[in-house]
Amino acid sequence: MDVAVVGAGIGGLAAALALAEAGFAPRVLEARDLAGETGAGIQLSPNGVRVLHALGLREGLAAIGHRPEAIQLRDARSGRLIAFRPLGRSSEERYGAPYYDVHRPALFHLLRDAVVERGIPLETGARCTGFEEHADGVRVQLATGTLDAALLLGADGIHSRVRETLLGADDARFTGNVAYRAVVPADAVPASLRRPVVTAWLGPARHLVHYPLGDGGDVNVVAVVERDDWREESWTAAATPAELADAFRDWHPALRELLAAVDTPWKWALHDRPPLPRWSSDRVTLLGDACHPMVPFLAQGACMALEDAWALARLLEDRDEDAPGAALDRYQRLRRPRTARVQREARAQGERFHERARLKRLARDLELGLGSRLAPELAMARYDWLHGYDVVARLG
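Residues numbered from 1 in each chain as written. Predicted model: local features only at pLDDT ≥ 70, side-chain atom pairs only at ≥ 80, totals over all residues. Heavy atoms only, no water.

Next up on the list: the overall build of the protein chain. Within the protein chain one finds 14 helices and 18 strands. The globule rule puts the C-alpha radius of gyration for 396 residues at 21 Å, and the 21 Å found for the protein chain is close to it. Oriented by its inertia axes, the alpha-carbon framework of the protein chain measures out at about 65 × 40 × 35 Å. The burial tally for the protein chain puts 56% of its 396 residues in the buried class. If you take every contact in the protein chain between residues at least 6 apart in sequence, the share linking residues at least 24 apart comes to 76%. Approximately 16,400 Å² of the protein chain is accessible, and the part contributed by carbon and sulfur atoms is 49%. Taken together, the 50 basic and 54 acidic charged side chains of the protein chain have centroids lying 6 Å from each other. (Helix = DSSP H or I, 4+ residues; strand = E, 2+ residues; numbered from the N terminus. Rg over C-alpha atoms; globule rule 2.2 N^0.38 Å. Buried < 20%, exposed > 50% of the residue type's maximum accessible area, 1.4 Å probe, protein only. Contact = heavy atoms within 4.5 Å. Areas by Shrake-Rupley, 256 points an atom, 1.4 Å probe, with all protein chains shown as cover. Lys, Arg positive; Asp, Glu negative; His and termini not counted. Charge placed at Lys NZ, Arg CZ, Asp CG, Glu CD.)

Here we come to the sheet that holds strand β9 (residues 137–142). Strand order in this open sheet of three strands is β8-β9-β10, and the pairing throughout is antiparallel. Only two strands of the sheet have a single neighbouring strand rather than two, namely β8 (128–134) and β10 (145–149). Neighbour to neighbour, the strand axes of the sheet diverge by 20° on average, direction disregarded. (Pairing = 2+ DSSP bridges. Axes fitted to C-alpha atoms, helices over the stretch in contact; angles between N-to-C directions.)

Turning our attention to helix α2 (residues 46–54). Counting buried residues along α2, eight of its nine residues qualify, which places the element largely inside the surrounding structure. The complete set of buried residues in α2 reads Pro46, Asn47, Gly48, Val49, Arg50, Val51, Leu52 and His53.

Attention shifts here to the sheet that holds strand β18 (residues 284–286). If you trace the five strands from one edge of the open sheet to the other, you get β7-β2-β1-β11-β18, paired in parallel fashion. Looking along the sheet, the strands with just one partner apiece sit at the ends: β7 (122–124) and β18. Shown here is a sheet whose adjacent strand axes are inclined to one another by a mean of 20°, direction ignored. Inspection of the sheet shows strand β2 (residues 25–30) paired to β7 by three bridges, in the parallel sense. Across the sheet, the residue bridging to glutamate 30 is threonine 124, located in β7.

This part takes up the packing of helix α9 (residues 301–317) against helix α10 (residues 325–353). Put simply, α9 and α10 touch, their axes get as near as 9 Å, and they point 160° apart. Classified by the angle their axes make, α9 and α10 are roughly antiparallel. Handedness of the crossing formed by α9 with α10: right-handed. Side by side, α9 and α10 meet where Met304, Glu307, Asp308, Ala311, Leu312, Leu315 and Leu316 of the first sit next to Ala327, Leu328, Arg330, Tyr331, Leu334, Arg335, Arg338, Thr339 and Val342 of the second. (Parallel < 35°, antiparallel > 145°, perpendicular 65-115°, else oblique. Left-handed = near helix turned anticlockwise from the far one by under 90°.)

Turning next to a nonpolar patch on the surface. A cluster of nonpolar residues, Leu366, Leu370 and Leu374, forms a patch on the protein surface that exposes about 320 Å² of accessible area. Its location among the elements puts leucine 370 in helix α11 (residues 358–374). Judged by relative accessible area, which is 42%, leucine 370 ranks as partly exposed. (Patch = residues over 30% accessible without salt bridge, like charges linked within 9 Å, V, L, I, M, F, W, Y side chains within 5 Å. Salt bridge = Lys/Arg side-chain N within 4 Å of Asp/Glu carboxyl O.)

All right, on to α11 then. End to end, α11 covers 24 Å across 17 residues, agreeing with the expected 24 Å (1.5 Å per residue, within 8%). All of the buried residues along α11 are Arg361, Arg364, Asp365, Leu368, Gly369 and Ser372. Down the axis, α11 shows its buried residues gathered within 120° of arc, on one side only. α11 presents Leu359, Lys360, Leu366, Glu367 and Leu374 as exposed residues on the side facing more than 90 degrees away from its buried surface. (Expected span 1.5 Å × (residues − 1). Arc of directions from axis to C-beta.)

Residue placement: alanine 239 occurs in the loop between β16 (237–238) and α7 (241–247). C-alpha separation for the pair alanine 239 and tryptophan 266, spaced 27 residues apart in sequence, amounts to 5.5 Å. Those residues in contact with alanine 239 that sit more than four places away from it in its chain are Tyr180, Pro265, Trp266 and Lys267.

On to the nonpolar core, then. If you look at the biggest cluster of nonpolar residues, it comprises 76 residues, and the most contacted ones within it are Leu44, Leu61, Leu107, Leu111, Val140 and Leu152. Looking at which element gives the most residues to this core, the answer is α9, with 11 residues. In contact with leucine 111, other than residues within four places in its own chain, are Ile10, Leu13, Ala14, Leu17, Leu52 and Leu57. Counting 29 residues, the second largest nonpolar core, distinct from the first, contains Val184, Val189, Leu255 and Val262. (Core = buried A, V, L, I, M, F, W, Y, C linked by side-chain atoms within 4.5 Å.)

It is worth spelling out the pairing of β8 at this point. Pairing of β8 with β9, which is carried by six bridges, proceeds in the antiparallel orientation. Its bridge partner lying in β9, phenylalanine 131 is registered against valine 140. Linking two consecutive strands that pair antiparallel, namely β8 and β9, is a turn of two residues.

Further remarks concern the side chain of arginine 74. Within the secondary structure layout, arginine 74 lies in strand β4 (residues 70–75). Salt bridges are absent for the buried arginine 74, whose nearest opposite-charge side chain, aspartate 75, sits at 9.5 Å. At 3.2 Å, the side chain of arginine 74 and the side chain of glutamine 72 are in polar contact. Excluding anything up to four places from it in sequence, arginine 74 contacts Gly79, Arg80, Leu81, Ile82, Arg195, Thr199, Ala200, Trp201 and Leu202. (Polar contact = N/O pair within 3.5 Å; in protein donor to acceptor, adjacent residues only side chain to side chain.)

Here we come to the packing of aromatic side chains. Two numbers describe a pair of aromatic rings. These are the distance of the centres and the angle of the planes. Applying the stated criterion across every chain yields a total of two aromatic pairs. Seen in terms of ring centroids, phenylalanine 248 and tryptophan 251 are 4.7 Å apart; in terms of plane orientation they differ by 80°. Their pairing is edge-to-face. One exposure class covers both phenylalanine 248 and tryptophan 251, and it is buried. When the ring of tryptophan 279 is compared with that of tyrosine 331, the centres are 5.6 Å apart and the planes differ by 70°; the resulting orientation is edge-to-face. Here tryptophan 279, found in the loop between β17 (266–272) and β18, pairs with tyrosine 331, found in helix α10; they are 52 residues apart in sequence, far enough to count as distant. Take tryptophan 279: its relative accessible area is 1%, and that puts it in the buried class. For arginine 206, the ring lying beneath its charged end belongs to phenylalanine 248, and the centroid distance is 6.0 Å. (Phe/Tyr/Trp six-rings, centres within 6.5 Å; stacked < 30°, edge-to-face > 60°. Lys NZ or Arg CZ within 6 Å of the ring centre and 35° of its normal.)

Right, here's the structure in full:
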């Protein structure tokens, strides 16, 4: 069965690999020229890492990933440690897979190379403009012509053309947050910040996260500010170092030194969508940001797409050859409750991080601090629903 996969991001490439392993014939269609793929760092928690391991990428992922020892929360002005959660060996023993920080282009190349090595067609310059669904297949409309397939998977991001054609046009909602990203050489980072941990600095209406990448030679920086005067959803919009520095001018001196090492910060306005009522028809379905875009405050965007990819392929294995719609319906019924919860929890995490009221910040810090120090087992258990979810074991 031929499957047209629109979008060669992390989710689309992972879906192509999972579908090929399940006996399908996927074909990946990507509008962009992928030669200059860019991006900053991303975090991969065990629930997503298990999918990459199941796809045969365990060694490749270990080679490009950095395993942080912990997640730390700190006060943005004083530097005081608010709370911490162990990762490293503790996380691996608890969940059966590591927690990684990776440079997004390195993960993209790992997936793309696997797609090419396994003989899966990958076409660039293939921009999807819509589709026509009929009883026994889908005709995919491209800017350069048409393509017929038995199934169509829209993995084409928050501005998905497949979703728009399937469900109608709508606008993503601006969250009121703008994020800045940069990768800084580790030797330009203050010595006090060169820890093998993920560190989130919390302040009123903003927060900043940094962590090592790969072999530790680079540090990823993501800084999020509440503002409503810039709403462009783009990974390629450049900001100025002065703009970034001004947003955090009253923060801890080490952080100001870190931001002074940024040459060119990139910025994008954070958008998401409320959970969709449906993702699928009889021959078409969606994956990742195309159906459940989320703010990055739980670091789960890539992991949810990876879970989607595995679930879709496994559920389609049991399909009725002539009526795959039942399998696509099972896929959306399985995935919608989980991804909707992650969307909600990610928004709530951002609100906690950005608390403006001083007394509420003190209460937040006390709760988190006592939890991590006096009841570390309970502090870790708060994330069992997220990091302990094993879509590979559930679906085989």
